[in-house]
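# Analysis of the macromolecular model
Residues per chain are reported as follows:
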Amino acid sequence: MSTAAHTPNAPHADAGAEPEPSYLVNKRGLRSWLYTLDHKRIGVMYLIGITLSFLLGGAFALLLRLELFSPGAQLWTENQYNQLFTLHGAVMVFLVIIPGLPAALGNFALPLQLGAPDVAFPRLNLFSFYLWCAGASLLLLSLIVNAADTGWTFYTPYSTTTGTAVVPAVGGAFVLGFSSIFTGLNFITTIHKFKPKGMTWFRMPLNLWGIYSTALLQVLATPVLGITLLLLLTERILNIGIFDPALGGDPVLFQHFFWFYSHPAVYIMILPAMAVMSDLITTFSHKHIFGYRFIAYSSIGLAALSFLVWGHHMFVSGQSKLAGMVFSALTFTVAIPSAIKVFNWVATLYKADITLKTPMLYALSFILLFTIGGLTGIFLGALNVDVHLHDTYFVVAHFHYVMMGSALIAFLGALHYWYPKMFGRMFNERVGQVCAIFVFIGFNVTFLPQFVMGARGMARRYFDYDPEFTLYHRISTIGALFMGITLVVSFGNLVWSLFKGPKAPRNPWGGTTLEWQAPSPPPLYNFYANEQPVLYDIYDYDDLVYDEKEGGYVRLPGKKDPPTESHEP
Amino acid sequence: MTLAIYIFVPLVILGITYAVVHGLTVRGPFIQHHFDDDVHQFDSGKLGIWLFLGQEVLFFSALFVAYIIYRHNHPEVFAYAHQYLDVKMGAINTGVLILSSLTAAWAVRAAQLGQKKLLIGLIIVTLLCAFGFLVIKYFEYEHKAHVGTVFGKRFVPHEAPDGRPIHQPDATPGKTEGGAPAPKEPVNTVGGTKAQPAPGAAPGTPAPGTQPVVPEDPSALRGEPASTATGVGVLPALEAQKRAGVKIDTHASALPPPNTGMFFTIYFAMTGLHGIHVLAGIFVFIWLLIRACRGHFGPRYYGPVDFAALYWHLVDLIWIFLFPLLYLIH
C-alpha cells in the first residue's frame, strides 16, 4: 500500500498554481536564518560553521607539517608546536568530525529520508546549534588567550598544572558535548516517532540505521565526557584533588573516564560515515544493497561493542594485565562488524552498473582507506605490538586513516551527494572527480609514510626528530600540502557552483530514498502539500531510468506497483 | 577566562530569557506544526524526556564510579569522614524530597484532570520542598565550611566528628569561636580569598597572591612531613606548634586518616551536582507555575508537567542513592 508519509497539520496555501518557495528563499533576511526552526536551514548553518572549522583545523595541520619538514626548529617554538597540535586535534574532533555528519548532513537528510516535515524537537535543534557556536567560541577563545598545550585528550596531571588556557578549551568541549547529546536525543525521537506508516525498521534506509546507532552513542557516552570535563574544571579551578595523587586522587581514573566516552566517540565519527556509505554505494551501483540486515545489525553491534573497548587506549598506563588481555580480546571483536560492512559493500559493487560520479569516487576511497585504517587497528589492539607502537606515528597514521580517510572522506562524499538537494544546483562534476582522486592520492602520500616511520620508532607529538626520519616527514608534508590545496579547490568548486552551477533535477543520482522525491531544493515542509512522498522498496532500482530532458532519474510510471504490506518479511 | 565569562554568561542569560519569553507568549492549542496531533506530540516528548533522563543517569554515573573506586582504595577515609555528616539533616532532606516527588506526581494527575487550582497548589508545594531542600543543604555546607571539613587540600578540620575541638594553630584565633557568622569559604583562608585564577592571567595558574594561605598543612597534622610550603610564615608556626608538644596528640583516635579530604571531594562533587539539578528543577517548576496560572494545561495538553515531574523523580532518586552512600556507611 502506498502511503503518504506525513501530513503536516499547518494550513497550506493552495498548491497547484504556484509552487511553494524553497526553504532557502521562503523567508529572507539574517533574522529568518538565526531564528529558524527548519531542520534544513539549521543543517546549512552547521555546514557553514563546520566547513570554516575544517579549514581552520586543516590550516593548523599544515603549519604542523611545515614545522616537521626538516629536523630542528623551523617556524615555531616547542610550546607553540604543542599548542598547534592540541588545537588541530581539538578543532578537528570536537568541532568538525563529531558534528560533521550527524549534525550538519544528518540534520538535513534525516527528516527528508523519513518523509517527515521536521525533526521531533525543532527548538532543541536550534538550541544545539547555538550550543555548538558557544562551544566553538570558547575553544577558540583558548586560542586567543593562551592556547592549551595538553593535546586534545586533556590528560591529567599535565592539564591541571600547565600554565596555558585549559579552562576555556575544556569548557568549550563540555558545551559541545551537550550540543551533541541534544542532537542525538532529537534524532532518536525523530526516527522512532516520525517513521511513516509502511516504513518498518527493516525498510528504513541504512543511513538512518547508522544515524540511529550514532545518536544512541551520543546520548549514552557523551554525558560521561561531560562529567569528566566538569571534574577536570573543578580540579583546575578549585583544586578538589579528585585526579591529584598527592590528595589520594587517581590521574589514571581521568583516562578511564575520558576513554569511556572517547572510544565510543570514535564510532560517533565513523558510524554515520559508514551509514552514508551504504547509501552512496548502492545508489551509484544502481543495485540492491547486499546483506541489508547484516549491515543494519552491524551498526548496532559496533555501537554496543564500542562501550567495551576503552581500555585499549591504556595498555601502557598501568592497567592490570588481566584488564589488558580482556580489552585486547574485545578490541579484536570490533573487526567482525566492521568487516561485515566492508564485505557487504564490496558484494554490492560486484557485477553492478557503477557510475563513477564524485560521491562514488569518495565512497570507493572510503572502502580502501577504511580497510587500511581498520586493519592497522588490529596491530594496535594486540598487546605486545602495542607496547612497541604506542605513541608513535603508527598510531597517528592509523587514526588519521579512520578519522580523516574514512569519516571526513565520507563527509565529503555525502556533501557532494546531497549538495544538489540542499542548494538546487549541480556542482562541476569534472572538477569534483579530479579533486576526489587527488584527495585520495594526497591522503596516502601524507599518511602511508607515517606508518613506516612510526614502526621505526618516530614518536608522536615530537617537535624535533632524528635526521633518519627526514625523508618520511618530507614526503608526508608534501602530501599534506597537496591535499590541502585540493580540498580548498574542492570547496571552492562547491561555492562557485552555488551561483554558477546548472539547476539540479529532483533525482540527479538515481537514489531511491525519499529525499529524492522532494523538489531540489525542498520547500519549508520538505514536500509539496499536494504531493506527499510515496514509499517504494527503498533499494529497488529497477523502475528508475535516466531522463535526458530532466537531467536526472525518473520513475517509470505504472511499471511496478509500490510494494504492499504483505511483502514485508 | 574572564573574557570567556563576559561573553558566555550574557549569551546564556539572553538565551534563557528568550526561551522563557518565547515559551510564555506561545498561544494554544500548543501543538507544533510538524506533529500529527496531540498524542503524537506527547509521545515524542515522552521519549525525549526518557532519553534525557538516561543521559542524566550517565552524567552522574562517573561520580558513582569515582565513589566506588575511592571507597575501595581508602575504606578508612570513608569510615572516618562520614561521621562528620549530619544524618538527621540528611534524613529530613530525604523526607522533603520524597514529599516533593509525591506532589509532583499528583500535579500531573491534576493537570490531566484539568484541576487548575489543585495543580497550582501542588506546584507551589513542590517548589517549597525544593527550596527547603536547598536551605537545609546550605546549612550543612555552611557547617562544613565552619568546621573546616572541605574538599581536597582545604580539609583542615577544627573539630573531630564527635564535636571535640581539634586544636589548630590558627592565624586568626577567635574566628572559629564565638557565634560570628561563618564565611562560606573555609575560615582559615586568609582574607577570604578564593582559589581563583587571577583575571587576565592564564586560568588555573597558581598565582601566588590568590592561593588560599592555609595556616597549617593538613599532612603535618597527621605527623607526616609537610608536603608543600603553602604560604609564607606557615612553616615556622607549624614547627613552633610541634615543639610546643601539640595538643592534638591527646585526641589520637580522632585524628583523620591520610587523604580524608577525598571523601569531601566526592561528597561536594556529588551533592553539589545534585544541588545544581535541584536548582534547575526550581526554574522548571517556576516556569510551569506561570503557565499553570495562565491555564495552559488540561486533559489534552499536560506534557510539560509530566516531563518535569519525571525529571524531578530522577533528581529525587539520585538523592535516595546519595543519602545512604554518604551518610549511612560504616
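All figures in this text were calculated on a predicted structure; none of them were measured in a lab. (Residues numbered from 1 in each chain as written. Chains lettered and ligands numbered in written order. Predicted model: local features only at pLDDT ≥ 70, side-chain atom pairs only at ≥ 80, totals over all residues.)

Within chain B, the secondary structure is distributed over 9 helices and 0 strands. Within chain B, contacts between residues separated by at least 24 positions form 70% of all contacts whose residues are at least 6 apart in sequence. (Helix = DSSP H or I, 4+ residues; strand = E, 2+ residues; numbered from the N terminus. Contact = placed C-beta atoms within 7 Å.)

Bringing the overall build of chain A into the picture now. The number of helices and strands found in chain A is 15 helices and 2 strands. Here chain A, with 569 residues, has 59% of them falling under the buried criterion. Partitioning the intrachain contacts of chain A with sequence separation of at least 6 by distance along the chain shows that 83% fall at a separation of at least 24. (Buried ≥ 20, exposed ≤ 12 C-beta atoms within 10 Å, placed from the backbone.)

On to unusual backbone geometry, then. Residue and element names in this part refer to chain A. A cis amide bond links T156 to the next residue, P157, at an omega of 0°. The topology assignment puts P157 in the loop between helix 4 (122-146) and helix 5 (158-161). The omega torsion of the bond from S520 to P521 falls at -10°, within 30 degrees of zero and hence cis. Here N526, not a glycine, exhibits a phi torsion of approximately 75°, which is positive. As for its position among the elements, N526 is in the loop between helix 15 (470-500) and strand 1 (544-547).

Attention now moves to the interface of chain B and chain A. Contacts between the two partners involve 42 residues from chain B and, on the opposite side, 48 residues from chain A. Listing elements by their share of the side of chain B that touches chain A, those giving two or more residues are helix 1 (2-25), helix 2 (38-73) and helix 8 (261-293) of chain B. Of all the elements, helix 2 of chain B adds the most residues to the side of chain B that touches chain A, at 16 residues. Within the side of chain B that touches chain A, the residues separate by chemical class into 21 nonpolar, 18 polar and 3 charged. (Nonpolar A, V, L, I, M, F, W, Y, C, P; charged D, E, K, R; others polar.)

Residue and element names in this part refer to chain B. Predicted confidence across chain B gives a mean pLDDT of 75, with 65% of residues reaching 70 or more. Mean pLDDT per element in chain B: helix 6 (residues 218-221) is the minimum at 42, and helix 9 (residues 303-327) is the maximum at 96. The low-confidence segment residues 170-242 (pLDDT under 50) makes 105 contacts with residues lying over four places distant or belonging to another chain. In this model, residues 245-253 is a region of pLDDT below 50 whose contacts with residues beyond four sequence positions or in other chains number 9 contacts. (pLDDT = per-residue confidence, 0-100.)

With that out of the way, let us pick up the pairing of strand 1 of chain A. Residues and elements named next belong to chain A. Inspection of the sheet shows strand 1 paired to strand 2 (residues 552-555) by 4 bridges, in the antiparallel sense. Across the sheet, the residue bridging to D547 is G552, located in strand 2. Hairpin connection from strand 1 to strand 2: 4 residues lie between these consecutive antiparallel strands, with G551 at a positive phi of about 80°. (Pairing = 2+ DSSP bridges.)

A few words now on helix 11 (residues 358-381) of chain A. Relative to the 34 Å expected for 24 residues at 1.5 Å per residue, helix 11 of chain A spans 34 Å between its end C-alpha atoms, a close match to the ideal helical length. Summarising burial for helix 11 of chain A: 17 of the 24 residues are buried, a large majority. (Expected span 1.5 Å × (residues − 1).)

Attention now moves to the environment of A:E531. All names here are of chain A. By the element assignment, E531 lies in the loop between helix 15 and strand 1. Looking at E531, the number of C-beta atoms within 10 Å reads 12, which means it is exposed. Distance in space between the C-alpha atoms of E531 and A518 is 8.9 Å, their sequence separation being 13 residues.

It is worth spelling out the packing of helix 8 (residues 251-285) of chain A against helix 9 (residues 292-305) of chain A at this point. For any two helices packed against each other, one specifies the crossing angle of their axes together with the interaxial distance. All names here are of chain A. It is the contact of helix 8 with helix 9, at a shortest axis distance of 11 Å, that shows an interaxial angle of 175°. Here helix 8 is positioned roughly antiparallel relative to helix 9, judged by the angle of their axes. Of helix 9, the residues touching helix 8 (which contributes Y267, L271, M274, A275 and S278) are I295, S299, L302 and A303. Partitioned by chemical class, the residues of the contact of helix 8 with helix 9 number 7 nonpolar, 2 polar and no charged. (Axes fitted to C-alpha atoms, helices over the stretch in contact; angles between N-to-C directions. Parallel < 35°, antiparallel > 145°, perpendicular 65-115°, else oblique.)

As a further point, take the environment of A:Q113. Residue and element names in this part refer to chain A. On the secondary structure map, Q113 appears in helix 3 (residues 78-114). Sequence-wise, Q113 and Q517 are 404 residues apart; in three dimensions their C-alpha atoms are separated by 9.6 Å. Ignoring any residue separated from it by four or fewer positions in sequence, one finds Q113 in contact with P205, N207, L208, T513, L514 and E515.

So, on to the packing of helix 7 (residues 206-238) of chain A against helix 8 of chain A. All names here are of chain A. At a minimum axis distance of 8 Å, the contact between helix 7 and helix 8 shows a crossing angle of 160°. By the criterion of interaxial angle, the relationship of helix 7 to helix 8 is roughly antiparallel. Considering how the two elements wind past one another, helix 7 and helix 8 form a crossing that is left-handed. Looking at the contact of helix 7 with helix 8 residue by residue, the classes come out as 22 nonpolar, 9 polar and 1 charged. (Left-handed = near helix turned anticlockwise from the far one by under 90°.)

Moving on: the nonpolar core. Formed by 244 residues in total, the largest nonpolar core has its most connected members in A:L139, A:M277, A:A407, A:A410 and B:A107. Considering each element in turn, this core owes the most residues, 23 residues, to helix 13 (residues 393-423) of chain A. Excluding residues within four positions of it along the chain, A:A407 makes contact with A:I97, A:M269, A:I270, A:A273 and A:V402. (Core = buried A, V, L, I, M, F, W, Y, C linked by C-beta atoms within 7 Å.)

The next thing to look at is the confidence of the model for chain A. Residue and element names in this part refer to chain A. Considering every residue of chain A, the mean pLDDT works out to 91; 95% of them sit at 70 or more. Counted against residues more than four places away or in other chains, residues 1-17, with its pLDDT under 50, gives 37 contacts. Contacts of residues 564-569 to residues separated by more than four positions or lying in other chains number 5 contacts, the stretch itself having pLDDT below 50.

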